[in-house]
Amino acid sequence: TSLAEHLGEQLRLGTDDKEVLRIGEAIIGNLDEDGYLRADVGEIAAGMGTTPEAVEAILKRIQLFDPPGVAARSVQECLLLQLTADAEPDPVSVEIVEKHFEDLERRRYPEIARALKLPLERVMESIEEIQGLEPKPGRRFSVNDSRYVVPDVQVVSIAAPPYVHHEMWCRTSRSRRSARTTW
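A short tour of the structure in this document, coming up. Source: prediction; values computed, not measured.

**Section: the overall build of the protein**
Then, in step 1: Check the secondary structure of the protein and you find nine helices and three strands.
Then, in step 2: In sequence order, the protein lays out its α and β elements as α-α-α-α-α-α-α-α-α-β-β-β.
Then, in step 3: Evaluated residue by residue, the protein yields a buried proportion of 38% over its 183 residues.
Then, in step 4: Within the structure as shown, the protein displays about 11,900 Å² of accessible surface, and the carbon and sulfur contribution to it stands at 52%.

Printed below as a string of structure tokens:
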């Protein structure tokens, strides 16, 4: 299942209003593979022949869908959506993301503690919570087919005579065999 299919299903289960479905599908269609909205609300509204306010209202509904943080327009908004999805969000964590995001990005934790007039240990508890959030909510739906390149030859020297480590394909067993040659 793709992210768009997953969100589309939630949208269809949540309403039968044709206009909401039409705008919601346009919003979902403008999400990137990480789950971020990459189009401006005004652009979507103009393309759909509706108001930015109508698009924004439906966007807010989609932002409540699973996965948490989806349809955000920035990492900051993504993290806030995840924090506030909790029935009782930690107010310190929310304030750090809302008002001290640049310090958070730069890991200036003592500055955050001073600004909040809290002990560094308390701030670090919130930092730990924030670091546990998913900055790319669409990641689990990604079909990224990463293929790693295995080098055929490596020249290695470790305080001894250098040697060449090379991989060979064995045609009979269709597997790799390692060999080591010292010079």
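Structure's up, so let's keep going.
**Looking at the nonpolar core**
Then, in step 1: In this structure, L7, I27, I44, V55 and I62 are the most contacted members of the largest nonpolar core, which totals 24 residues.
Then, in step 2: Counting only elements with at least two residues in this core, the list comes to helix 1 (3-14), helix 2 (18-29), helix 3 (41-48) and helix 4 (52-62).
Then, in step 3: Broken down by element, the residue count for this core peaks at six residues, all from helix 2.
Then, in step 4: Ignoring any residue separated from it by four or fewer positions in sequence, one finds L7 in contact with I28, L31, F65, D66, P67 and V70.
Then, in step 5: If you look at the next biggest cluster of nonpolar residues, it comprises 17 residues, including V97, L104, A113 and L116.

**A word on unusual backbone geometry**
Then, in step 1: In the segment running from D66 into P67, the intervening peptide bond is cis, with an omega of 5°.
Then, in step 2: The backbone of A71 shows a phi angle near 70°, a positive value even though the residue is not glycine.
Then, in step 3: Within the secondary structure layout, A71 lies in the loop between helix 4 and helix 5 (75-84).
Then, in step 4: Unusually for a residue other than glycine, K117 sits at a positive phi of about 55°.

**Things to note about the pattern of salt bridges**
Then, in step 1: Inspection of the entire model under this criterion finds 13 salt bridges.
Then, in step 2: Across the pair K60 and E56 runs a salt bridge whose closest N-O atoms are separated by 3.6 Å. Here E56 and K60 lie together in helix 4, a separation of four residues that amounts to about one turn.
Then, in step 3: Salt bridges here are not isolated pairs; linked through shared partners, they connect E56, K60, R73 and E77.

**A short note on the packing of helix 1 against helix 2**
Then, in step 1: Axis separation between helix 1 and helix 2 bottoms out at 10 Å; the angle between their running directions is 160°. In terms of orientation, helix 1 and helix 2 fall into the roughly antiparallel class. Here the hand of the crossing between helix 1 and helix 2 comes out right-handed. In contact with A4, L7, G8, L11 and R12 of helix 1, helix 2 contributes V20, L21, G24, E25 and I28.

Parameters at a glance
Residues numbered from 1 in each chain as written. Predicted model: local features only at pLDDT ≥ 70, side-chain atom pairs only at ≥ 80, totals over all residues. Heavy atoms only, no water. Helix = DSSP H or I, 4+ residues; strand = E, 2+ residues; numbered from the N terminus. Buried < 20%, exposed > 50% of the residue type's maximum accessible area, 1.4 Å probe, protein only. Areas by Shrake-Rupley, 256 points an atom, 1.4 Å probe, with all protein chains shown as cover. Core = buried A, V, L, I, M, F, W, Y, C linked by side-chain atoms within 4.5 Å. Contact = heavy atoms within 4.5 Å. Salt bridge = Lys/Arg side-chain N within 4 Å of Asp/Glu carboxyl O. Axes fitted to C-alpha atoms, helices over the stretch in contact; angles between N-to-C directions. Parallel < 35°, antiparallel > 145°, perpendicular 65-115°, else oblique. Left-handed = near helix turned anticlockwise from the far one by under 90°.

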